[in-house]
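Here is how the chains run, residue by residue.
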Amino acid sequence: MSQTFGMESPGKHHAGTSRPPVRYVVIIDGGGSAIARLMLETREQVQEFEGGTPEVVQMIQGLVPVKGANDPEWDQALQAHSTQERMAAEVYTLPV
């Protein structure tokens, strides 16, 4: 039998820096289905979801997208996508 008498207490809270907030949601075609890519202000991708999930719909609700992600600042982040996919992409800017 264990001498710890149950679960271990959680460790001390680390007061380090938190990661920056997501600034953009890019809905783009990825092999025949919509993909939602969450991007930082720097256009660094931090997460990817299926485009139709309720969480994505809730994030972009009420926001008006910009059509197309062909600008040079998107080149690195969306290099795996074709020009046609990037032209059809919807870019939502989240309020910070």
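So, a few notes on the structure that sits alongside this text. Just so you know, these numbers come straight off a predicted model, no measurement behind them.

### Describing the overall build of the protein
Part 1: Of the regular secondary structure elements, the protein holds two helices and five strands.
Part 2: A compact globule built from 96 residues should have a C-alpha radius of gyration of about 12 Å, whereas the protein, at 19 Å, is more than 25% larger.
Part 3: Across its three principal directions, the C-alpha atoms of the protein cover 65 × 30 × 30 Å.
Part 4: Here the protein, with 96 residues, has 28% of them falling under the buried criterion.
Part 5: For the protein, the proportion of contacts with a sequence separation of at least 24, taken over those separated by at least 6, is 43%.
Part 6: Computed over 7 positive and 12 negative side-chain charges, the separation of the two mean positions in the protein equals 6 Å.

### What to know about the pairing of strand E5 (residues 90-93)
Part 1: In the sheet, strand E1 (residues 24-29) pairs with E5 via four bridges, with the strands oriented antiparallel. Each bridged residue has a counterpart across the sheet, and for Val26 the counterpart in E5 is Val91.
Part 2: Pairing of strand E4 (residues 66-67) with E5, which is carried by two bridges, proceeds in the antiparallel orientation. Residue pairing in the sheet places Val66 in a bridge with Val91 of E5.

### Focus: the sheet that holds strand E3 (residues 45-50)
Part 1: Sheet architecture is open: five strands sit in the order E3-E2-E1-E5-E4, paired in antiparallel fashion. Lying at the two open borders of the sheet, with one neighbouring strand each, are E3 and E4.

### With respect to the pairing of E3
Part 1: Here strand E2 (residues 34-39) runs beside E3; their pairing, made up of five bridges, is antiparallel. Bridging across to E3, Met39 finds its partner in Gln45.
Part 2: Counting the residues in the hairpin turn of E2 and E3 gives five residues, including Arg43, whose phi is positive at 70 degrees.

### A few points about the pattern of salt bridges
Where charged atoms of side chains with opposite charge meet at close range, the side chains can pair.
Part 1: Following the criterion strictly, the structure yields four salt bridges and no others.
Part 2: With a shortest N-O distance of 2.9 Å, Glu48 and Arg37 are connected by a salt bridge. Residue Glu48 is located in strand E3, and its partner Arg37 is located in strand E2; the two are separated by 11 residues in the primary sequence.
Part 3: Overall, the relative accessible area of 12% leaves Arg37 in the buried class.
Part 4: Across the pair Arg43 and Glu73 runs a salt bridge, and its minimum N-O distance is 3.6 Å. Taken together, the positions of Arg43 in the loop between E2 and E3 and Glu73 in the loop between E4 and helix H2 (83-88) put the pair 30 residues apart, joining distant regions of the chain.
Part 5: By relative accessible area, Arg43 is classed as buried at 17%.
Part 6: For Glu73, a relative accessible area of 39% translates into the label partly exposed.

What counts, and where the lines are drawn
Residues numbered from 1 in each chain as written. Predicted model: local features only at pLDDT ≥ 70, side-chain atom pairs only at ≥ 80, totals over all residues. Heavy atoms only, no water. Helix = DSSP H or I, 4+ residues; strand = E, 2+ residues; numbered from the N terminus. Rg over C-alpha atoms; globule rule 2.2 N^0.38 Å. Buried < 20%, exposed > 50% of the residue type's maximum accessible area, 1.4 Å probe, protein only. Contact = heavy atoms within 4.5 Å. Lys, Arg positive; Asp, Glu negative; His and termini not counted. Charge placed at Lys NZ, Arg CZ, Asp CG, Glu CD. Pairing = 2+ DSSP bridges. Salt bridge = Lys/Arg side-chain N within 4 Å of Asp/Glu carboxyl O.

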